[in-house]
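Descriptive analysis of the structure
Okay, here's what each chain looks like letter by letter:
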Amino acid sequence: KLLSVTDRALSCTALKPVGSSPEALADIAMKATLGGIDVIKDDHGLANQESATFRARIEHCVKAIRNAEQTSGKKTLYFPNITSRFEELMNRAELAEELGADGLLISPQLTGLSVLDTLAHSSIDLPVMAHPAFSGPYTINQNSGIAPDIYFGKLWRALGADAVIYPNSGGRFSYSIEECKS
């Protein structure tokens, strides 16, 4: 809805590597925007490292994306990673909104599932994207745990995730094509 896209899948990329400066990450964000990417999210490992503090990363990336949008003529959304302990996460969410981010990325398995629900029902008016970091043990074994389509596709959405990064077939994880389609 934020991108006015109704007839195709959205494209998304991650800013990395961890250890890059805010300027280097902003350059990647600018190039991704010029390349037509719909959503740019922080790598789930980006937090508040000295090499790219949370504030500096958002300031540089938002500016680079907004400038590149002027050339591309297309809106691109930026979701910084706010995963942290609860109070810090909420402070980061407020700061991200204040600095012009378009959404928020969290790893519910690291924050606790209730944090996803609390964030989604807070006064912060940004969409929330959930990242599957550390959720493999709950979904990877077909004989125990929770089916990935239920865990990522239903539970996280029910708890308030507006978007979910879903592990793919053929990647580092052993999800089948059928599981991913479901």
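The rules behind each value
Residues numbered from 1 in each chain as written. Predicted model: local features only at pLDDT ≥ 70, side-chain atom pairs only at ≥ 80, totals over all residues. Heavy atoms only, no water. Helix = DSSP H or I, 4+ residues; strand = E, 2+ residues; numbered from the N terminus. Expected span 1.5 Å × (residues − 1). Contact = heavy atoms within 4.5 Å. Core = buried A, V, L, I, M, F, W, Y, C linked by side-chain atoms within 4.5 Å. Buried < 20%, exposed > 50% of the residue type's maximum accessible area, 1.4 Å probe, protein only. Salt bridge = Lys/Arg side-chain N within 4 Å of Asp/Glu carboxyl O. Axes fitted to C-alpha atoms, helices over the stretch in contact; angles between N-to-C directions. Left-handed = near helix turned anticlockwise from the far one by under 90°. Nonpolar A, V, L, I, M, F, W, Y, C, P; charged D, E, K, R; others polar. Lys, Arg positive; Asp, Glu negative; His and termini not counted. Pairing = 2+ DSSP bridges.

1. Some points on helix α2 (residues 54–72)
Under the 1.5 Å per step criterion, the end-to-end length of α2 is 26 Å for 19 residues, consistent within 8% with the ideal 27 Å. Tucked inside the fold, the buried residues of α2 contact β1 (12–15), α1 (22–34), β2 (39–42), β3 (77–79) and α3 (86–98).

2. Focus: the nonpolar core
Of all hydrophobic cores here, the largest spans 39 residues; its most connected members are L15, I40, Y78, I82, L104 and L119. Take this core: its biggest share by element is six residues, from α2. Those residues in contact with L119, other than ones at most four positions away along the chain, are I82, L89, M90, A93, L104, I106, I124 and V128. By size, the runner-up hydrophobic cluster in this structure holds seven residues, among which are V5, F79, L105 and M129.

3. What about the pattern of salt bridges?
When the charged atoms of two side chains with opposite charge come close together, those side chains can pair. Applying the stated criterion to the full structure yields twelve salt bridges. Its salt-bridge partner being R57, residue D42 comes within 2.9 Å of it at the nearest N-O pair. Pair noted here: D42 is in strand β2 and R57 is in helix α2, with a separation of 15 residues, a long-range link. By the burial criterion, D42 is buried, and R57 matches it. Connected through salt bridges with shared partners, the residues R66, E69, K75 and D102 form a single ionic network.

4. So, the packing of α3 against helix α5 (residues 113–120)
The geometry of α3 relative to α5 is characterised by a closest axis approach of 12 Å and an angle of 30° between their N-to-C directions. The way α3 lies across α5 gives a crossing that is right-handed. Packed against α3, whose contacting residues are F86, L89, M90 and A93, the element α5 presents V115, T118 and L119 at the interface. Looking at side-chain class alone, the contact of α3 with α5 contains six nonpolar, one polar and no charged residues.

5. Examining the side chain of K41
Among the structural elements, K41 can be located in strand β2. One buried charged residue, K41, forms no salt bridge at all, with the nearest opposite charge on D43 at 5.3 Å. Among all residues touching K41, those that are not within four sequence positions of it are C12, T13, A14, L15, F79, L105, M129, H131 and I165.

6. Considerations on the sheet that holds strand β5 (residues 128–130)
Read across the open sheet, the three strands follow the order β4-β5-β6; overall the sheet is parallel. The sheet is open, and its two borders are formed by β4 (104–106) and β6 (163–164), each paired with just one other strand. Taken together, the two bridges between β5 and β6 define a ladder with parallel strand orientation. Pairing of A130 across the sheet is with V164, part of β6.

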